[in-house]
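The chain contents come next:
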Amino acid sequence: MKQIDIIIADDHRIFREGVRALLEREAQFNVIGEAASAEELMAMLTEKQPCVVLMDIDMGESNGIDATEQIRKVYPEVEVLALSMHSESNYIVRMLDVGAKGYILKNTGREEMAAAIRTVAAGDSYFSSKVSTQLLAHLNQRNKKPKTEVPLTPRELEILRLIASEYSNPEIAEKLFISVRTVDTHRRNLLEKLNLKNTAGLVKYAIKQGLLDDQAE
Amino acid sequence: MSDRNVNDPLVSVLDAIVQQAPYGIITIDQQGSIQIANQTLLNQLAIEQSLPEVKGKQVLDLVQKPVELRQKLRSCLKRRRFKFNIKKQVFGSSIYAIRGRKVLDSMLITIEDMTEHHRSQERALLALSEGQEQERRRIARDLHDDIGPVLSAIRILVEDMHEQIGEEGLRNLPGSDQTLLLLDQAASDIRQLSHDLMPKVLEDFGLERALEQYCQRLRGKGKLDVVFLSTISTEIDHEVALGVYRMAQELMRNSFKHAQAKTMHVQLIGHADTLVLQVEDDGQGFDLQAMREKDGGIGLENVRYRAASLGGNFELDAKPGQGVWCLIEVPYKLNEA
């Protein structure tokens, strides 16, 4: 079993010590250093490079994302395993973008942390299940985004229909029991969303979408 | 200035009073012809003609803008009801309060400059918001730095202890199966709390991403579909971004909790100088009055104040059975007043 050298980068001493104690249980793991900031980490790396860096994303003044980017450039043999309290997809995607191979959450258990370190040390990817779920949900939404059609909300469709039926702003306001200013805002929003220049454009769009088809008026 | 006896000294005094009044004054007869006016009003409405030129002319010929005032004047003259009140008329870089009322057989219109009043209100609200945000930031940091890591460390220790005790031993310890679960729950709650107090996502990734993330979180709760759309391409002042995020949170939380909706539409639309946040759901709407009575409607009032403090406005339409629609419009940059 190959020994895996590890550096823990996290700005909370209590946490660092806890993780160290945990990892030192495993004969395979050898913690060669602890860093409380990106600067400390980079300084440490000039002396000795580990197999894996356990990287906290939010280290107060320091930024784990930038540090990861730097490490992957300067020391490509050093793998980075992100360890964070943040489970939002924005952070996950960013870390992966800059070259982290794995992402686990801080409330993970010893077994999972060990498995993650081993996997990442071998150059493979590892995500805890919650992280995977977040990523999938994120990708799902990205794919769902309609590239051609801009979705209009029910209210916007209603207003567009009225505009195309030649109601004036005050008339629309009266009909829907809203203020004239609101109608005006809707109109501007529609123009902006649909990338049109004026009312004529709105009417054309409405007709094309078949919004006036069932009008009896 | 009037058809009466110009030699009467009282007339001159009255005339001087009108001319020197610290607000705009104009009276028109019931056909819309201008009788009395002062220079202040001409300046306020950017009317180029001089006082003598204006007298006797049709008010609608001379007052083209602001549009809302013109509409009110036209409506009053048409319906012969000579009373109106525009609480906040934005015109150019000023804000006016315009009132029209019947005086004898004429209509008297006064225009009061409220710009400084609104600006200082905005400043006060902004200062209040900033104070709140600083507090929140501090508390969030403390939660994140002091309690968060301790919980994580405890978790590690407890898991360790469990391994030492072994399965046999654990079976004899009542509640031992709960410990890890409770710790995870506490950690999750603290994270949530900390995030709500200071959304780091906003600082790190900007308003669009932060909102998108929040939508995703609501989707994750499983009860409703949240559609998010953004067309913003301009940079936003940080205070504005934070303010809009907070307002969005409040509005979306409201919808989520009360509306029993199936779909929520959240939009960020970028216009030339302002951005619009629109939140719409297809739920059962709510009775504003009833809501105010229940929890003081504090949340929505906060949104209104917040929007005002950023120099913007807030509209809400929430009739029972017809879902909720609300809109906030604010300038990208804070007023440097």
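Residues numbered from 1 in each chain as written. Chains lettered and ligands numbered in written order. Predicted model: local features only at pLDDT ≥ 70, side-chain atom pairs only at ≥ 80, totals over all residues. Heavy atoms only, no water.

1. Some words on the packing of aromatic side chains
Reasoning step 1: For the structure shown, the criterion picks out two aromatic pairs over all chains.
Reasoning step 2: Between Y214 of chain B and Y245 of chain B, the aromatic rings sit 6.2 Å apart at their centres with planes inclined by 75 degrees, giving edge-to-face as the arrangement. You can see Y214 of chain B sitting in helix α8 (residues 200-220) and its partner Y245 of chain B sitting in helix α9 (residues 238-258), a full 31 residues away along the chain.
Reasoning step 3: The exposure class of Y245 of chain B is buried, given its relative accessible area of 1%.
Reasoning step 4: The residue whose ring lies beneath K106 of chain A is F15 of chain A, and the NZ or CZ to ring-centre distance is 4.7 Å. (Phe/Tyr/Trp six-rings, centres within 6.5 Å; stacked < 30°, edge-to-face > 60°. Helix = DSSP H or I, 4+ residues; strand = E, 2+ residues; numbered from the N terminus. Buried < 20%, exposed > 50% of the residue type's maximum accessible area, 1.4 Å probe, protein only. Lys NZ or Arg CZ within 6 Å of the ring centre and 35° of its normal.)

2. A few points about the interface of chain B and chain A
Reasoning step 1: Taken together, the contact pairs 46 residues of chain B with 44 residues of chain A.
Reasoning step 2: Between chain B and chain A, the buried area comes to about 4,200 Å², and carbon and sulfur atoms account for 49% of it.
Reasoning step 3: Between E315 of chain B and R181 of chain A there is a salt bridge, and its shortest N-O distance comes to 3.6 Å.
Reasoning step 4: Among the secondary structure elements, those contributing two or more residues to the side of chain B that touches chain A are α6 (115-171), α7 (176-197), α8, β7 (263-270), β8 (274-281), β9 (313-317) and β10 (324-331) of chain B.
Reasoning step 5: No other element matches α6 of chain B, which puts 14 residues into the side of chain B that touches chain A. (Contact = heavy atoms within 4.5 Å. Buried area = accessible area lost by both parts, 1.4 Å probe. Salt bridge = Lys/Arg side-chain N within 4 Å of Asp/Glu carboxyl O.)

3. So, the state of the cysteines
Residues and elements named next belong to chain B.
Reasoning step 1: What the rule picks out here adds up to zero disulfides over all chains.
Reasoning step 2: No disulfide involves C326; its nearest neighbouring cysteine sulfur is the one of C215, lying 13 Å away.
Reasoning step 3: Judged by its relative accessible area of 2%, C326 is buried. (Disulfide = S-S within 2.5 Å.)

4. Quick notes on the sheet that holds strand β2 (residues 29-35) of chain A
Residue and element names in this part refer to chain A.
Reasoning step 1: Pairing within the open sheet is parallel, and its six strands lie in the order β2-β1-β3-β6-β7-β8. Only two strands of the sheet have a single neighbouring strand rather than two, namely β2 and β8 (126-127).
Reasoning step 2: Strands in contact with helix α1 (residues 13-23) are β1 (4-9), β2, β3 (52-56) and β6 (79-84); relative to β2, the strand with the most contacts, it is inclined by about 170 degrees.
Reasoning step 3: Sheet strands touched by helix α2 (residues 38-47): β1, β2 and β3. Its angle to β2, the strand with the most contacts, is close to 130 degrees. (Pairing = 2+ DSSP bridges. Axes fitted to C-alpha atoms, helices over the stretch in contact; angles between N-to-C directions.)

5. Quick notes on unusual backbone geometry
If a residue is not glycine, its phi is most likely negative; likewise, a peptide bond is most likely trans.
Reasoning step 1: Following K65 of chain B, the chain continues into P66 of chain B via a peptide bond in cis, with omega recorded as 0 degrees.
Reasoning step 2: Looking at the secondary structure, you find P66 of chain B in the loop between α4 (59-62) and α5 (67-79).
Reasoning step 3: The phi dihedral of E166 of chain A is positive, around 70 degrees, even though this residue is not glycine.
Reasoning step 4: Its place among the elements puts E166 of chain A in the loop between α7 (154-164) and α8 (169-176).
Reasoning step 5: Judged by relative accessible area, which is 72%, E166 of chain A ranks as exposed.
Reasoning step 6: One non-glycine residue with positive phi stands out, namely R80 of chain B, at about 60 degrees.
Reasoning step 7: Along the chain, R80 of chain B turns up in the loop between α5 and β3 (84-91).
Reasoning step 8: For R80 of chain B, a relative accessible area of 46% corresponds to the partly exposed category.

6. Describing α5 of chain B
Residue and element names in this part refer to chain B.
Reasoning step 1: A rise of 1.5 Å per residue sets the reference length of α5, with its 13 residues, at 18 Å; its end C-alpha atoms lie 18 Å apart and thus fit the reference within 8%.
Reasoning step 2: Three or more residues of α5 are buried, namely L69, L73, C76 and L77. Summarising the axial view, the buried residues of α5 lie within an arc of 95 degrees, below the 170-degree limit, and thus occupy one face. Away from its buried face by more than 90 degrees, α5 exposes K78 and R79.
Reasoning step 3: Residues of α5 that are buried sit in contact with β1 (24-28), α4, β3, β4 (94-103) and β5 (106-113).
Reasoning step 4: Directly after α5, the chain includes R80, whose backbone phi takes a positive value near 60 degrees. (Expected span 1.5 Å × (residues − 1). Arc of directions from axis to C-beta.)

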